[in-house]
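# Notes for the structure review
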Amino acid sequence: PWLISFYTAGCGPCQQFATVMEKVAELAGGSPLSLGKVDCNAHYNLCYQARLTAYPTLYYYPGSPSGRQQEVQGQKFSTAGSAETILSQVEAATASFKRDEL
């Protein structure tokens, strides 16, 4: 599973959210969750395909056990919370995904 933060350079809220994502990385260490970030100034087409309208935006991609390609638009998570809140959202989404795959 992936948790991807979409941002733009020079965005004040994005810079503040980056510190939350650093804490998420610290708390998620050793878990199967992978973290990433995409600069939407440098990767405009990807951000456009994901239908982003505001920054920062946080999407969760559960991964595909069968190796199939996933949709560009993942499950959107709120960026207005703590690292613990974000990881709780990931845990709930992962549990839901596992139930759907059974």
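Let me sum up the structure you'll find in this document.

Rules used in this analysis
- Residues numbered from 1 in each chain as written.
- Predicted model: local features only at pLDDT ≥ 70, side-chain atom pairs only at ≥ 80, totals over all residues.
- Heavy atoms only, no water.
- Disulfide = S-S within 2.5 Å.
- Buried < 20%, exposed > 50% of the residue type's maximum accessible area, 1.4 Å probe, protein only.
- Helix = DSSP H or I, 4+ residues; strand = E, 2+ residues; numbered from the N terminus.
- Phe/Tyr/Trp six-rings, centres within 6.5 Å; stacked < 30°, edge-to-face > 60°.

Counted according to the given criterion, the structure contains two disulfides. Residue Cys 11 pairs covalently with Cys 14 via a disulfide, S to S 2.4 Å. One quick way to see it: the torsion about the S-S bond of Cys 11 and Cys 14 is about 75°, and its sign makes the bridge right-handed. In this structure, Cys 11 and Cys 14 share a single accessibility class: buried. Paired through a disulfide, Cys 40 and Cys 47 show a sulfur-sulfur distance of 2.0 Å. Residues Cys 40 and Cys 47 share a disulfide whose torsion about the S-S bond is about -80°; that sign makes it left-handed. Pair check on accessibility: Cys 40 and Cys 47 agree, each one buried.

So, on to unusual backbone geometry. The omega torsion across Tyr 55 and Pro 56 is -5°, close enough to zero to call that bond cis. Within the secondary structure layout, Pro 56 lies in the loop between helix H2 (44-49) and strand E3 (57-61).

Attention shifts here to the packing of aromatic side chains. Inspection of the entire model under this criterion finds four aromatic pairs. On the numbers, 5.7 Å between centres and 75° between planes, the contact of Phe 6 with Tyr 59 is edge-to-face. Of this pair, Phe 6 sits in strand E1 (residues 2-7) while Tyr 59 is found in strand E3, placing the two residues 53 residues apart along the sequence. With relative accessibility at 2%, the residue Phe 6 sits in the buried group.

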